[in-house]
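Observations on the model geometry
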Amino acid sequence: MGAEQHTDEDRELSPDVEVNLAIHRAHSARIYDYFLGGTTNFPADREAAANALAVFPQAQTGARANRAFMQRATRALAQAGIAQFLDIGTGIPTSPNLHEIAQQVNPRARVVYADNDPIVLTHAQALLRSAPQGRTAYVQADVCRPESLLEAVRATGVLNFTEPIALSLVALLHFVPDGAAHEVTQTLKEALTAPGSALVISHFTPDYAPLEAARVTRVYRDTGTFVQPRPRQEFARFFAGWNLLNPGIASTLRWRPDPSAVVPATDADASALAAVALRP
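Described below are features of the structure shown in this document.

1. Overview of empty space enclosed by the protein
Taken as a whole and assessed by the stated rule, the structure comprises 2 cavities of 30 Å³ or more. Here the largest cavity defines a volume of roughly 40 Å³. Around the largest cavity, the lining residues are Met70, Ala73, Thr74, Leu77, Phe85, Leu98, Ala166, Leu167, Ser168 and Val200. At the level of elements, helix H3 (59–79) and strand E5 (166–170) are the ones that each hand at least two residues to the lining of the largest cavity. With 4 residues, the single largest contributor to the lining of the largest cavity is H3. Here the residues of the lining of the largest cavity are counted per class, giving 8 nonpolar, 2 polar and no charged. Empty space within the second largest cavity amounts to approximately 30 Å³. Lining the second largest cavity are Ala29, Tyr32, Asp33, Leu36, Arg67, Thr90, Gly91, Ile92 and Thr94. Considering every element that reaches the lining of the second largest cavity, the biggest residue donor is helix H1 (residues 28–35), with 3 residues. Considering only residue class, the lining of the second largest cavity consists of 4 nonpolar, 3 polar and 2 charged.

And the structure:
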């Protein structure tokens, strides 16, 4: 894990940062970018995406539902008064990013992004365009080493851990192996000591379309990317000891949907669970 840090005072990438994009291998972040309609992807990623779409044509709908859930959850927490956000597993920037949503509500909001994908590092500048009153930073860090990740986040000086922080783990934990996913989440939760801190998670699930979930899991694993869909009961464990906000655990499409948005999709299309909880 690296600890390269970039804040709003240091927007340019250092010229001596060595970035190995490994474009000959498919990468989950670039596949996700393709599903979102982005352009930061390569032939190996597009081939893997095509294979996933062949067995699960709704994959693009699922990716976009995840993105929309992140935006709604961020907006709801910012409106509730949370002014600090830690987004782990940031992915390739796609506007509006989390800090843009938060700072629309509160221009003083402070955001730290963390990811271990080298290609995200090359696009970190897009994550640092903070409102003048707020601040953003990016750290290159691995969620599977949560203590080191938290050390790198604290070193930015952007977040005050004595005040509430919203931790976002959107479409991330299904890439973390069994056991480790719950251990990582618990370590991160324990770092958020301020009452009123929030935990935001969405996660690939087999609950709505089990056959399709099994097929797309095989596609990802055939490309060398571990992925583990988890059912509702296991998903709920991530929030142990915290208080779920209404509507509790729901599909990404059903968590406080925008009443003005027309979403011609089903829970099976999204195949992801979502929830937001607060530390008591």
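2. Quick word on the packing of H1 against H3
At their nearest, the axes of H1 and H3 sit 8 Å apart, and the two run at 95° to each other. By the criterion of interaxial angle, the relationship of H1 to H3 is roughly perpendicular. Together, Tyr32, Tyr34 and Phe35 of H1 and Ala59, Gln60, Ala63, Arg64, Asn66 and Arg67 of H3 make up the contact between the two elements. Along the lines of polarity and charge, the residues of the contact of H1 with H3 split into 5 nonpolar, 2 polar and 2 charged.

3. Concerning the environment of Pro247
By secondary structure assignment, the location of Pro247 is in the loop between strand E7 (243–244) and strand E8 (250–251). With 28 residues separating them in the primary sequence, Pro247 and Ala275 have C-alpha atoms 8.0 Å apart. Apart from the residues within four sequence positions on either side, Pro247 is in contact with Arg254, Trp255 and Arg256.

4. Remarks on the packing of helix H6 (residues 146–156) against helix H7 (residues 180–191)
It is at 10 Å that the axes of H6 and H7 come closest, and there the two elements cross at 35°. The interaxial crossing formed by H6 with H7 has right-handed handedness. Between H6, through Pro146, Glu147, Leu150 and Arg154, and H7, the contact on the second element is made entirely by Val184, Thr187, Leu188 and Ala191. Considering only residue class, the contact of H6 with H7 consists of 5 nonpolar, 1 polar and 2 charged.

5. Notes on the pattern of salt bridges
Counting across every chain of the model gives 4 salt bridges. For Arg230, the salt bridge is made with Asp178, and the minimal N-O distance between the two is 3.2 Å. Of the two residues, Arg230 sits in the loop between helix H8 (210–222) and helix H9 (232–237) while Asp178 sits in the loop between E5 and H7, which places them 52 residues apart along the sequence. On the basis of relative accessibility, which here comes to 1%, the residue Arg230 falls in the buried class.

6. Comments concerning the packing of aromatic side chains
Taken as a whole and assessed by the stated rule, the structure comprises 5 aromatic pairs. Residues Phe69 and Trp255 carry aromatic rings whose centres are separated by 5.6 Å and whose planes lie at 85° to one another, so their mutual orientation is edge-to-face. Taken together, the residues Phe69 in helix H3 and Trp255 in the loop between E8 and helix H10 (267–270) connect sequence positions 186 residues apart. Each member of the pair, Phe69 together with Trp255, is buried.

7. Notes on the nonpolar core
The biggest cluster of nonpolar side chains holds 36 residues, and the ones touching the most others in it are Ile88 and Leu169. If you list the elements that add at least two residues to this core, you get strand E2 (84–88), strand E3 (110–115), strand E4 (135–140), H6, E5, H7, strand E6 (198–204) and strand E9 (272–278). In this view, Ile88 contacts Ala114, Val143, Leu149, Leu167, Ser168, Leu169, Leu172 and Leu188; residues no more than four positions away in its chain are not counted. Counting residues in each nonpolar core, the second largest holds 29 residues, with Ala102, Ala109, Ile119 and Leu127 among its members.

8. Thoughts on H6
If you check which residues of H6 are buried, you get Pro146, Leu149, Leu150, Ala152, Val153 and Thr156. Projected down its long axis, H6 shows its buried positions confined to an angular sector of 160°, all on one face. Those residues of H6 that are exposed and aimed more than 90 degrees away from the buried face are Glu147 and Glu151. Backbone geometry just after H6 places Gly157 at a positive phi near 75°.

9. Section: the pairing of E5
Burial of E5 is extensive: 5 of the 5 residues sit out of reach of the surface. As judged from the 3 bridges shared by E2 and E5, these two strands associate in the parallel manner. Looking across to E5, one finds that Phe85 is bridged to Ala166. Viewed along the sheet, the connection from E5 through H7 into E6 turns out right-handed.

Conventions and cut-offs
- Residues numbered from 1 in each chain as written.
- Predicted model: local features only at pLDDT ≥ 70, side-chain atom pairs only at ≥ 80, totals over all residues.
- Heavy atoms only, no water.
- 1 Å grid on protein atoms, 1.4 Å probe; cavity = no way out; pocket = protein on both sides within 12 Å on 5 of 7 lines; lining within 4 Å.
- Points joined across faces, edges and corners; volume = space filled by probe spheres on them.
- Helix = DSSP H or I, 4+ residues; strand = E, 2+ residues; numbered from the N terminus.
- Nonpolar A, V, L, I, M, F, W, Y, C, P; charged D, E, K, R; others polar.
- Axes fitted to C-alpha atoms, helices over the stretch in contact; angles between N-to-C directions.
- Parallel < 35°, antiparallel > 145°, perpendicular 65-115°, else oblique.
- Contact = heavy atoms within 4.5 Å.
- Left-handed = near helix turned anticlockwise from the far one by under 90°.
- Salt bridge = Lys/Arg side-chain N within 4 Å of Asp/Glu carboxyl O.
- Buried < 20%, exposed > 50% of the residue type's maximum accessible area, 1.4 Å probe, protein only.
- Phe/Tyr/Trp six-rings, centres within 6.5 Å; stacked < 30°, edge-to-face > 60°.
- Core = buried A, V, L, I, M, F, W, Y, C linked by side-chain atoms within 4.5 Å.
- Arc of directions from axis to C-beta.
- Pairing = 2+ DSSP bridges.
- Right-handed = clockwise from strand over helix to strand, strands pointing away.

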